Each structure stands twice: as structure tokens, then as C-alpha cells.
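# Summary of structural features
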Amino acid sequence: MVPQTTELRERRPQAAANAKGLSASVEKDAEIMADPSKFVVPDLTIKEILGAIPAHCFERSAFKSSLYVVQDFIIIAALAYAASHIDALSAPATSPILAKAALPSAYVPYAAFALKWSLWAAYWFAQGLVGTGVWVIAHEAGHQAYSTSKAINNGVGWILHSALLVPYHSWRISHGRHHAATGHMTRDEVFVPKTRSQRGVAAIDGEPGDEAYDGTQSGMNVPQQEQIKVADILEDAPLATLIDVVLQQTFGWPMYLIRNASGQAYYPRFTNHFSPNSVIFDKRHFFQIIWSDIGIALTLGALYFWGQQRGFAEVVKYYFIPYLWVNHWLVCITFLQHTDPQLPHYREGTWNFQRGALCTIDRACLGWVGPYIFHGICETHVAHHISSKIPHYHAWEATEALKKLLGPHYHFSNDNMFVALYKSYRTCRFVEDNGDVVFYKDSRGRARREAVPRDASVSDSGVDVAA
């Protein structure tokens, strides 16, 4: 069963709160967290958080949402139309570009080759960006944020996601479980951190209370000997890391759907998003999973028909390679939203919904691409986890309101996305097997942050974070 922890996403705010600034608890947290290596478990209530968001941000409009779908498909059609002229534009005999360049005849074939594949590469990249925007709108429909009608939401989501080879209801259900348990070490559904033991790293020597043990457990003062021990297991050459990142970006999404890659390690071996008997789903989901599979089958059938009629090379050039770019951006965005050295993860007893919702980070994404093509999914993800029914066109205002309330508990990064992807992959290697609040450690066992109490021993929330 999906845990019943969705109150934060459903409940409507009564009135704005904390209009004059930070609450007393957050102000105290800000003093402690002025040291970026320190983290205090947030003690905000659901009512406080939702109350900070203007009421109109929760309003959904099928008409307004549909305008973004129309916008995206106009751009997709325009790009495909432009791509249909690439071969003519780059052919040695007919290319106006090559003719204007007036190259020596010996160089024309090489220039034509370079021009042709440069234009196709530009098309694949651009179409992948816009396809990701369509994915975001379908994702929003899955959260029932597209409109006030469940039928419209599920209809639009099923059509758009099926067209992108995503099993709509299957993903909607597992993604809902992710939102219901974000940042929970044993209940979250995706990008769950590997632990020390799962990575095959030996347990820490010593006992709690020993200086070396405590420094290693926190990751803030790791002895050199311990760093070498961890590095012998986990440290990779930069080229090896780059290869791993490319593999993740290429195959991460289909492998998550097919075999639960990056999901909970204790799930059965053949857990996937296509079988209604998968542990992810309940019996009541049976026909929704079948309907999702039918959507995938219809799209594959349409692609096969297209290939039979016009050649599979055309399918690859116009659809499949942009589809790989969509997969890349999907994995990149979601990985970076939940994988960063400054983000905590919680274990049972310390986790609650609002704390989990704040275990994510907003990022600036490729300048204007993030706000206008990706519909703000990178820049407003914290607000999305606070209330997933806020449509993207209101998420910007909701984000600004949340920043004022959350203070240091709002996370943001303006690192380049490609740089951040590489850095996070290298620095977020594992978390400890014990501890109520844990942070990622790098390949030498070092962490960027540690949880500290709000006072000398126990936080105001009653959670002991000193041990």
C-alpha cells in the first residue's frame, strides 16, 4: 500500500504565515547553519509551510496547461520540418551554404559531411530539449496538476507519456510513492543512496565516543588511514567516472523501468514497471498497469509502421535519438534534484513528510532553457515536493514565498548542469549504515555536512541528532 503521508500535497492553506520573516526556530537554525558544514533538522509544521504559499498558486487550469502542450508541439513540428531540409542543405550539389562558402572542390565532400551531421546533431539536441518539456507536462498531469479533472489529467498524461515510451500509470504510482517518502532511506523509490556495507566498504574501526570513530562516522574528520581504506574500494579515475556517468545517462531510465535500477535494494530481483504483479503496485492497480502497457505497445506499433512505410533510418533520426536525449535530461534532472552533498536523508523515526519534501534542491538549468523549455522543473522542484498539485506556471511564485519561510532549509545551486552531474556522481558515493540523519560521502569517506542539535543535546523537534 502507498503510505498515507500525502496530507501536505492535498491540504489547502488557510492564510499566509511568517509574513514578517523567518520563524523563531528557523532564525535559530540560520545562525547555526551559517556554517555550511552544519545542518539542523527542520522543525516546521505542515500548516506553516502551506500557509506561506499564496492560495491562488494551487489553482489549476486545463486551458492554460493545454496552451503549453500546444506550444511544445508547434516547436516539435517546426524542428522536424527544419530537419527535413538538412540533407538538401548539406548536399554538395544543392547546398546554398556550401555554394556561398566557395570552397575548393576537393574539400566540398568533407565540408558537406561535417555540415550534415552538425545540423542533425543540433536537431537531436533541440528536439530532445522540447521532448523533455512534453515529459514535464505529462508528469504534471500524473500529479493531477494539469487540471481539476482527474479524467483529463489521466487522459493527457497517458497520451503524452505513452508517446515518449513511458508507462503512464505505472510510473505515476511509483512516482507518487517517491513523493510520499522522499528522503526516506527505506521507503523512497528512486535514487536511494547506497550504504557503506552495500558499497562493500569495511565497517568503521572503534566504538562510538572514540575521536577517530566519531570523526569517520560524521565524515567531517576522517583519519587518513580510513580515507585510504575507502579509496581503495571506491576511488575511480576521472575517465572511469565519466564512462559511468554516460552509461547512467543513456541506460538509467529504461533500466529503472525494467529492473528497478537506483530503487530500493530489498525489492525482489525482477521488480519492474510493466508487470501488474510487481511489488510496487497493489491489486487495485492491475488494469491501470495493463493500460499503461497498452500505451507503450501502441507507440511501438506506430514506430514500426512508420519504419515500414518510410524506412527505419528516418525513425532513428527523427524520433529515437531525440528520445535518448529526453532520457538523458530526465535522469540528469531527477538525479541532481535528489543527489547532492548538502542534502540529508532520514531514517524511520526522524523522517516526516515535510522534512522529506525539503530533501531536494532547486537548480538553474541552462539559462532560459530551464524556465521556458523545461517549464521550471529544475528551478521550482522544492515547491513541487511541498505540493505536487501546484501547476508549473504558479510554482515560481510559490518558490519565492517558500524561500522567505524556509531560510537555510531551502537549497539552491546555480552550478552548470553538466558540471554538477559529474561532481555529484563523484562526491555522492554512499551514506552510513546507521544514523538518523545521514549525508552523502565521497570516495574517501568525507562528508560536506553533519547534523547537529538545535541546542546542546536535543533538537526542539525531540530528535536526538547528536549521536
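Residues numbered from 1 in each chain as written. Predicted model: local features only at pLDDT ≥ 70, side-chain atom pairs only at ≥ 80, totals over all residues. Heavy atoms only, no water.

### Notes on the environment of Q224
Positionally, Q224 belongs in helix α11 (residues 224–234). What makes Q224 partly exposed here is its relative accessible area of 48%. Taking the C-alpha atoms as reference points, Q224 and R444, separated by 220 residues in sequence, lie 9.0 Å from one another. (Helix = DSSP H or I, 4+ residues; strand = E, 2+ residues; numbered from the N terminus. Buried < 20%, exposed > 50% of the residue type's maximum accessible area, 1.4 Å probe, protein only.)

### Here we look at a negative patch on the surface
Taken together, the side chains of E207, D210, E211 and D214 make up a negatively charged region of the molecular surface. Residue classification places D210 among the partly exposed residues on the basis of a relative accessible area of 37%. (Patch = residues over 30% accessible without salt bridge, like charges linked within 9 Å, V, L, I, M, F, W, Y side chains within 5 Å. Areas by Shrake-Rupley, 256 points an atom, 1.4 Å probe, with all protein chains shown as cover. Salt bridge = Lys/Arg side-chain N within 4 Å of Asp/Glu carboxyl O. Lys, Arg positive; Asp, Glu negative; His and termini not counted. Charge placed at Lys NZ, Arg CZ, Asp CG, Glu CD.)

### Remarks on helix α12 (residues 238–259)
Spanning 22 residues, α12 covers only 27 Å between terminal C-alpha atoms, well under the ideal 32 Å at 1.5 Å per step. At F251, α12 shows its largest kink, close to 55°, and the proline P254 lies no more than four residues downstream. All of the buried residues along α12 are T241, V245, Q248, Q249, G252, W253, P254, Y256 and L257. N260 sits one or two positions beyond α12 and adopts a positive phi of about 65°. (Expected span 1.5 Å × (residues − 1). Bend = angle between axes of the 7 residues up to and from the residue.)

### Some words on the side chain of T271
Locating T271 in the fold gives a position in the loop between α12 and α13 (286–310). Here P268 takes part through its backbone oxygen, which lies 2.7 Å from a polar atom of the side chain of T271. When sequence neighbours within four positions are dropped, the list of residues in contact with T271 reads I258, R259, N260, S278, V279 and I280. (Polar contact = N/O pair within 3.5 Å; in protein donor to acceptor, adjacent residues only side chain to side chain. Contact = heavy atoms within 4.5 Å.)

### Some words on the environment of G407
Relative to the helices and strands, G407 is located in the loop between α18 (392–406) and β4 (412–413). Residues G407 and V26 lie 381 residues apart in sequence; the distance between their C-alpha atoms is 6.7 Å. In contact with G407, not counting residues within four places along its chain, are L22 and V26.

### Examining the confidence of the model for the chain
For the chain, per-residue confidence averages 91 on the pLDDT scale, and residues scoring 70 or more make up 93% of the total. Counting interchain partners and residues more than four positions distant, the pLDDT-below-50 stretch residues 1–20 has 47 contacts. For the stretch residues 456–467, pLDDT sits under 50, and the model shows 20 contacts to residues farther than four places along the chain or on other chains. (pLDDT = per-residue confidence, 0-100.)

### Brief notes about the packing of aromatic side chains
Under the definition given, this model contains 23 aromatic pairs. Taking the centre distance of 5.8 Å and the plane angle of 65° together, the rings of Y123 and Y318 count as edge-to-face. Taken together, the positions of Y123 in helix α7 (residues 108–142) and Y318 in helix α14 (residues 312–338) put the pair 195 residues apart, joining distant regions of the chain. Both rings, one in F125 and one in W329, keep their centres 6.4 Å apart while their planes meet at 65°; by these two values the pair is edge-to-face. Linking F125 in helix α7 with W329 in helix α14, this pair joins segments that are 204 residues apart in sequence. (Phe/Tyr/Trp six-rings, centres within 6.5 Å; stacked < 30°, edge-to-face > 60°.)

### Considering α11
Within α11, burial applies to E226, Q227, V230, A231 and L234. Taken end-on, α11 shows its buried residues confined to a sector of 130°, consistent with a single buried face. Exposed positions of α11 whose direction lies more than 90 degrees from the buried face are Q225 and D232. Those residues of α11 that are buried lie in contact with α10 (211–218). (Arc of directions from axis to C-beta.)

### Some details on the packing of helix α4 (residues 62–83) against α7
For the pair α4 and α7, interaxial distance at closest approach is 10 Å and the crossing angle is 165°. With respect to α7, the axis of α4 lies roughly antiparallel. Viewed along their axes, α4 and α7 form a crossing whose handedness is left-handed. Of α7, the residues touching α4 (which contributes Y68, V69, D72, F73, I75, I76, L79, A80 and A83) are W120, Y123, A126, Q127, V130, G133, V134 and I137. Considered class by class, the residues forming the contact of α4 with α7 number 14 nonpolar, 2 polar and 1 charged. (Axes fitted to C-alpha atoms, helices over the stretch in contact; angles between N-to-C directions. Parallel < 35°, antiparallel > 145°, perpendicular 65-115°, else oblique. Left-handed = near helix turned anticlockwise from the far one by under 90°. Nonpolar A, V, L, I, M, F, W, Y, C, P; charged D, E, K, R; others polar.)

### Topic: the environment of Y110
Here Y110 lies in helix α7. Sequence spacing of Y110 and A24 is 86 residues, and the spatial spacing of their C-alpha atoms is 68 Å.

### What about the state of the cysteines?
Enumeration according to the criterion identifies 0 disulfides in this entry. Of all cysteine sulfurs, the one in C428 lies closest to C359, which takes part in no disulfide; the gap is 13 Å. Of the residues examined, C359 reaches a relative accessible area of 2% and is grouped as buried. (Disulfide = S-S within 2.5 Å.)

### Re the nonpolar core
Side chains that are nonpolar tend, in soluble globular proteins, to be buried together. In terms of nonpolar packing, the biggest core is built from 39 residues, with W135, W253 and F374 touching the most fellow members. Discounting chain neighbours no more than four positions away, the residues touching F374 are L129, T132, G133, V136, W329, I333, C365 and V369. L358, A383, I390 and A395 belong to the second largest nonpolar core, which has 21 residues in total. (Core = buried A, V, L, I, M, F, W, Y, C linked by side-chain atoms within 4.5 Å.)

### Describing unusual backbone geometry
One non-glycine residue, A102, lies in positive phi territory at about 50°. Of the residues examined, A102 reaches a relative accessible area of 61% and is grouped as exposed. Phi angles above zero are rare outside glycine, and H375 is one such case at about 55°. Within the secondary structure, H375 sits in the loop between α16 (369–373) and α17 (381–386). On the accessibility criterion, H375 (2% relative accessible area) is buried.

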